[in-house]
Amino acid sequence: MELVVNQKHYRIEVHPDRMLLWVLRNDLELTGTKYGCGEGQCGACTVLVDGAPVRSCLARASTAAGKEITTIEGLAQNGKLHPLQEAFIQADAMQCGYCTPGMIVSGAALLKKTPQPSDAEIRRAMEGNVCRCGTYPRIVAAVRMASRQSTQRTANGGPHA
Amino acid sequence: MLEPERYELNEGPAYHFELERRDFFKFLGGGLVLLLVFDHPADAQESGRAPRGDARPPEIAAWLHIGEDGAVTVYTGKAEMGQNIRTSLTQAVAEELHAPVSSIQLVMADTALTPYDMGTFGSRTTPTMAPQLRKVGAAAREALIGLAAEKWKTSRASITVAGGKVKNASSGETIGFGELTQGRQIMSTVNAANLTPADQWTTAGSSVTKVNARDIVTGAHRYASDIARPGMLLGRVLRPPMVDAKLVSVDASKLNGVSGVLVVRDGDFAGVVAEDELTAATALAAISSRWDHQKDQPSDKNVYQYLKSHTQSGARSNPEHGSIDQALASSDHKLDATYTVAYIAHTPLEPRAAVAEWEDGKLTVWTGTQRPFGVRSELAEAFSIPEDRVRVIVPDTGSGYGGKHSGECAIEAARLAKAAKKPVKLIWTREEEFTWAYFRPAGVIDIRGGITSDGLLAAWEFHNYNSGPSGINTPYEVPSHVIEFHATDSPLRQGSYRGLAATANHFARESHMDDLAVAAGLDPLEFRLKNLKDARLRAVLQAAADKFGWSNSQSTPTRGFGLACGVEKGGYVASCAEVSIAQPGGKVKIERVVTAFECGAIVNPEHLKNQVEGSVIMGIGGALFESIQFADGKILNAQLSKYRVPRFSDTPAVETVLLDRKDLPSAGAGETPIVALAPAVGNAIFHATGTRIRSLPMI
Ligand code: FES
Ligand code: FES
């Protein structure tokens, strides 16, 4: 099958029942996408498929074939971090960091759909993502911070508008 | 069955053979090598002393290398798993070396490269490892000054070190650290150094950003579960249907002729290896097995009776102060109660994982553990090979919370790799992590307390069954007390947890104190202050109450306010909680928590705040809803869909007050801030509803 991940095309032999998470991690060595539960409960495995957040532990790779897949490795452009990645660093929104890729990908999907989310909207959209280290307030702050930055950029006509 | 709290010190080796230090440090290459030797033998028990047969020099706490290119590398056996010690320890070195944080690399928790270390637990890194690294940093700075004085033929006094450069104050010349060694390897051994006092810190004490944050947010950081090796295969392990079962027979005949699958059987161990995870899982499911197991094991329903009736002999006790019965009899108000806490699971988001590789009879394992050297011993023992043929590397790990002390996953991966003759990766499934790791102990606590008519504590009797002795002693003044921990047989495998038993002991004690305050007719804050002399504890209690607005917090049936405090591992904590109750008997939500925390001189305020917040939020799970359900040796809720952990919607407004005591040594902070949360919430629920909940979880 053909997988398009972070704008790169991969032609690979994959058993149709294999989950996208493991194909990304084991076959393409894109290990930024994490396994946390395998049952859609933690969000650590979140990737974007055609811009929408998907739990890759429950999605057969075949269902994403030919679609645009974005993983955490694909968010930075030419070495420039996505505003949400910057915001996570600024807000110190991580401890062990294992949930962080899934949080950032989920947050990026939210900001794409809702550029100015309220705190309540952020919490609702991210409810399916678990941070066992308990950095939730900082994650909310980071998403808020990134949304503000993107408004400023919109005002200035910047690249992430 | 009882996984000890692993606080007992390892026995030192029977012999010490002087080793050729230079041989061991050859790998470092040219430049300056600073070896820090222990000046306190007690420190050496925690780190430094390598087990017998190890190739590394004994009694060395830490070493630092400045390469000819000026790169500073510091070696420590501690492991990073979210406590941010990679950052705080880097700050510690930077402070003393007078070099930027970005110029310093830490090599951590690699048994081939770093000093021996007992493990990363018990909040010991900040009080013990940080001063050691500061010493080695200070000694390196002094050595650089010496080299520069020699080079420029001037006095040491005219040399200064700042911003990673050495400067000759009289000539104005500067030179980088690396250039001073001029192709030699200069090794020097130190055991003491003058450290910069906390009130003069510039780098330590400030909120330096997590040093590898960029790798984390880009997904570039490789956890143990992300490690890949050439030709690596994936493993799965055959699990018994319940704990304590013995493998009777295995039938893998369905896999005969299936290519690309290897079945491994060795005693009670059986597993499979395959090229991809689906093939491995399918193969595992095709194996049928029979297991022998015990019938009639306790369940979460009757575990508390079980614990109380299965005490081991020799309770750990304090000497009895006064006759407790008499003191209770003469108290004006008495209160007896029993508290219980459930088994809970650490649920680190990264489950146990290991990649094992054999080469020429030598074993290398990448795994997430809090005890790299302990796991190395486990591996050496399991495969009957000397420890110097085993290397354990711990990449910064997806958290532990006390739950990753043991090396079972590493051993399993190594067994599979040995059979496969290729590197094997094993990642435990979430269900395996829930079932085959170990739990925070369940426990029963019986308290009898008595007060005088003017609200002074007169008698205190406290018995803890199984949940552990941490934080068991009361910080309150009381003339007559008996405080005992009773070890018992636990039906489930149990071990360390963030804060250990201090959470259970604080929950019981601080709930009981709250009831006694009511009996005395006193405000809970006033009652506590009246019975507390410890100035540091009083300070956090007052600070939390002030920030919270305790004096204006009047509980109603739908809104409750509660507080609690405690001391543990050198940290002082007080939490105030506000809860809402939808309607009488309705859903409880924690709305706001204010926590005041003091652990001596603060090393990194932002990261400390982060740890306090994280503890409070993790504590919500154990306080309100986390518990392991089990029966007949089976874990019944071994999935995230069945075992509820705190999520965004459970998170209250979390406010933190940090008290910085620059005059006091820094203590660790990853654990203690969790202990006051559960009782503060329980007290808030009580003040709203009038119902006292004496078991964790509370809802
Ligand atoms: S691993 Fe996919 S949601 Fe947890
Ligand atoms: S930072 Fe550890 S799970 Fe979120």
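Cut-offs used in this document
Residues numbered from 1 in each chain as written. Chains lettered and ligands numbered in written order. Predicted model: local features only at pLDDT ≥ 70, side-chain atom pairs only at ≥ 80, totals over all residues. Heavy atoms only, no water. Helix = DSSP H or I, 4+ residues; strand = E, 2+ residues; numbered from the N terminus. Rg over C-alpha atoms; globule rule 2.2 N^0.38 Å. Buried < 20%, exposed > 50% of the residue type's maximum accessible area, 1.4 Å probe, protein only. Contact = heavy atoms within 4.5 Å. Areas by Shrake-Rupley, 256 points an atom, 1.4 Å probe, with all protein chains shown as cover. Lys, Arg positive; Asp, Glu negative; His and termini not counted. Charge placed at Lys NZ, Arg CZ, Asp CG, Glu CD. Domains from an automatic or database assignment. Buried area = accessible area lost by both parts, 1.4 Å probe. Salt bridge = Lys/Arg side-chain N within 4 Å of Asp/Glu carboxyl O. Phe/Tyr/Trp six-rings, centres within 6.5 Å; stacked < 30°, edge-to-face > 60°. Polar contact = N/O pair within 3.5 Å; in protein donor to acceptor, adjacent residues only side chain to side chain. Pairing = 2+ DSSP bridges. Axes fitted to C-alpha atoms, helices over the stretch in contact; angles between N-to-C directions. Parallel < 35°, antiparallel > 145°, perpendicular 65-115°, else oblique. Left-handed = near helix turned anticlockwise from the far one by under 90°. Expected span 1.5 Å × (residues − 1). Nonpolar A, V, L, I, M, F, W, Y, C, P; charged D, E, K, R; others polar. pLDDT = per-residue confidence, 0-100.

### Thoughts on the overall build of chain B
Next, step 1: For chain B, the helix and strand inventory stands at 16 helices and 31 strands.
Next, step 2: Over its C-alpha trace chain B gives a radius of gyration of 27 Å, about what one expects of a compact globule, namely 27 Å for 699 residues.
Next, step 3: Principal-axis analysis of the C-alpha atoms places the extent of chain B at approximately 80 × 80 × 50 Å.
Next, step 4: Sorting the 699 residues of chain B into buried and exposed places 62% on the buried side.
Next, step 5: Partitioning the contacts of chain B with sequence separation of at least 6, the portion at a separation of at least 24 is 77%.
Next, step 6: Roughly 25500 Å² of accessible area belongs to chain B as shown, and the carbon and sulfur atoms make up 49% of that amount.
Next, step 7: For chain B, the separation between the mean place of its 72 positive charges and that of its 80 negative charges on side chains is 3 Å.

### Let's talk about the domain arrangement of chain B
Residue and element names in this part refer to chain B.
Next, step 1: Under the domain assignment used here, chain B contains domain 1 (5-210), domain 2 (225-293 + 352-427) and domain 3 (303-344 + 439-696).
Next, step 2: The partner domain 2 presents 19 residues to the 25 residues of domain 1 that form the contact.
Next, step 3: Taken together, both faces of the contact between domain 1 and domain 2 bury some 1700 Å²; the carbon and sulfur share is 54%.
Next, step 4: Taken together, the links from domain 1 to domain 2 amount to two salt bridges.

### Topic: the packing of aromatic side chains
Residue and element names in this part refer to chain B.
Next, step 1: Going through the model one piece at a time under the given rule, you end up with 13 aromatic pairs over all chains.
Next, step 2: Residues Tyr 343 and Phe 439 carry aromatic rings whose centres are separated by 6.3 Å and whose planes lie at 65° to one another, so their mutual orientation is edge-to-face. Here the residue Tyr 343 occupies a position in the loop between strand S15 (333-341) and strand S16 (344-345), and Phe 439 occupies one in strand S21 (residues 439-440), the gap between them amounting to 96 residues.
Next, step 3: Looking at Tyr 343, the relative accessible area reads 2%, which means it is buried.

### A look at the domain arrangement of chain A
Residues and elements named next belong to chain A.
Next, step 1: For chain A, the assigned domains read domain 1 (2-75) and domain 2 (83-155).
Next, step 2: In this structure, domain 1 and domain 2 have C-alpha centres spaced 21 Å apart.
Next, step 3: Contacts between domain 1 and domain 2 engage 16 residues on the former and 12 residues on the latter.
Next, step 4: Buried surface at the junction of domain 1 and domain 2, summed over both partners, amounts to about 1200 Å²; 64% is from carbon and sulfur atoms.
Next, step 5: When the area that domain 1 buries against domain 2 is broken down by residue, the three leading residues are Lys 34, Ile 72 and Leu 75, summing to 36%.
Next, step 6: Our enumeration of links across domain 1 and domain 2 arrives at zero salt bridges.
Next, step 7: Our count for the contact surface shared by domain 1 and domain 2 stands at five residue pairs in polar contact (both at pLDDT 80 or more).
Next, step 8: When residues of the side of domain 1 that touches domain 2 are traced back to their parent elements, those giving at least two are strand S3 (46-49) and strand S4 (52-55).
Next, step 9: In terms of residue count, the dominant contributor to the side of domain 1 that touches domain 2 is S3 (three residues).

### A word on the sheet that holds strand S4 (residues 104-108) of chain B
Residues and elements named next belong to chain B.
Next, step 1: One open sheet holds the five strands; their spatial order is S4-S3-S2-S1-S8, and the pairing between them is mixed. Whereas interior strands pair on both sides, the edge strands pair on one side only; in this sheet they are S4 and strand S8 (185-190). Neighbouring strand axes in the sheet, compared pairwise and without regard to direction, differ in orientation by 20° on average.
Next, step 2: Relative to S4, strand S3 (residues 72-76) runs parallel, the two being bridged by five bridges. Each bridged residue has a counterpart across the sheet, and for Tyr 75 the counterpart in S4 is Val 107.

### Comments concerning unusual backbone geometry
Next, step 1: Residue B:Pro697 follows B:Leu696 across a cis peptide bond; omega there is -5°.
Next, step 2: Tracing the backbone shows B:Pro697 in the segment after strand S31 (695-696).
Next, step 3: Positive phi, normally seen in glycine, also occurs at A:Glu29, with a value near 55°.
Next, step 4: Take A:Glu29: it is sitting in the loop between helix H1 (20-27) and S3.

### Concerning the packing of helix H15 (residues 605-625) of chain B against helix H16 (residues 677-689) of chain B
All names here are of chain B.
Next, step 1: Contact geometry for H15 and H16: axes closest at 8 Å, N-to-C directions at 55°. Between H15 and H16, the interaxial angle falls into the category oblique. Taken as a pair, H15 and H16 cross one another with a handedness that is right-handed. Contacts from Val 616, Gly 619, Ile 620, Ala 623 and Leu 624 of H15 reach H16 at Leu 677, Ala 678 and Val 681.

### Section: helix H3 (residues 100-113) of chain A
Residues and elements named next belong to chain A.
Next, step 1: Helix length check: H3, at 14 residues, gives a terminal C-alpha distance of 20 Å against a target of 20 Å (1.5 Å per residue), a fit within 8%.
Next, step 2: Most of H3 is tucked away, with 12 of its 14 residues classed as buried.
Next, step 3: Inspection of H3 places Thr 100, Pro 101, Gly 102, Met 103, Ile 104, Val 105, Ser 106, Gly 107, Ala 108, Ala 109, Leu 110 and Leu 111 among the buried residues, and these make up the whole buried set.

### A word on the interface of chain B and chain A
Next, step 1: Between chain B and chain A, the contact holds 59 residues from the first and 50 residues from the second.
Next, step 2: Roughly 4400 Å² of surface becomes buried between chain B and chain A when both sides are summed, with 55% attributable to carbon and sulfur atoms.
Next, step 3: For chain B, the biggest contributors to the area lost against chain A are B:Val217, B:Leu349 and B:Phe648; these three give 20% of the whole.
Next, step 4: Between B:Glu626 and A:Arg132 there is a salt bridge whose closest N-O contact spans 2.8 Å.
Next, step 5: Put simply, chain B and chain A have 32 residue pairs in polar contact (both at pLDDT 80 or more) between them.
Next, step 6: Listing elements by their share of the side of chain B that touches chain A, those giving two or more residues are helix H5 (213-217), helix H6 (277-286), strand S20 (424-427) and H15 of chain B.
Next, step 7: Of all the elements, H15(B) adds the most residues to the side of chain B that touches chain A, at nine residues.
Next, step 8: Of the residues that constitute the side of chain B that touches chain A, the class distribution is 23 nonpolar, 21 polar and 15 charged.

### Regarding the side chain of B:Arg592
Residue and element names in this part refer to chain B.
Next, step 1: Relative to the assigned elements, Arg 592 resides in strand S27 (residues 588-598).
Next, step 2: In terms of polar contacts, Arg 592 uses its side chain to reach the backbone carbonyl oxygen of Phe 548, at 3.1 Å.
Next, step 3: The contacts of Arg 592, once residues within four sequence positions are left out, are Lys 547, Phe 548, Cys 576, Ala 577, Glu 578, Pro 652, Ala 653 and Glu 655.

### Quick look at the confidence of the model for chain B
Residue and element names in this part refer to chain B.
Next, step 1: For chain B, the average pLDDT comes to 88, and 92% of its residues sit at 70 or higher.
Next, step 2: The low-confidence segment residues 1-20 (pLDDT under 50) makes 47 contacts with residues lying over four places distant or belonging to another chain.
Next, step 3: Long-range and interchain partners of residues 41-53, a stretch whose pLDDT sits below 50, account for 40 contacts in this model, where long-range means more than four residues apart.
Next, step 4: With pTM at 0.91, the complex prediction returns an ipTM value of 0.95.

### What about the sheet that holds strand S7 (residues 174-176) of chain B?
Residues and elements named next belong to chain B.
Next, step 1: Taking strand neighbours across the sheet as the criterion, the three strands line up as S5-S6-S7 in an open arrangement whose pairing is antiparallel. Looking at which strands have only one partner, the edges of the open sheet turn out to be strand S5 (159-162) and S7. Across this sheet, the average inter-strand angle for adjacent strands is 25°, counted without regard to direction.

### Here we look at the pattern of salt bridges
Next, step 1: The final tally for this structure, using the stated rule, is 49 salt bridges over all chains.
Next, step 2: Across the pair A:Arg138 and B:Glu606 runs a salt bridge whose closest N-O atoms are separated by 3.0 Å. Remark: B:Glu606 occurs in helix H15 and A:Arg138 occurs in helix H5 (residues 136-156); the pair is interchain, linking two chains.
Next, step 3: Residue B:Glu606 is classed as partly exposed on the basis of its relative accessible area, which comes to 29%.
Next, step 4: In this structure, a network of salt bridges that share partners links the residues B:Glu510, B:Asp514, B:Asp515, B:Arg528, B:Arg692 and B:Arg694.

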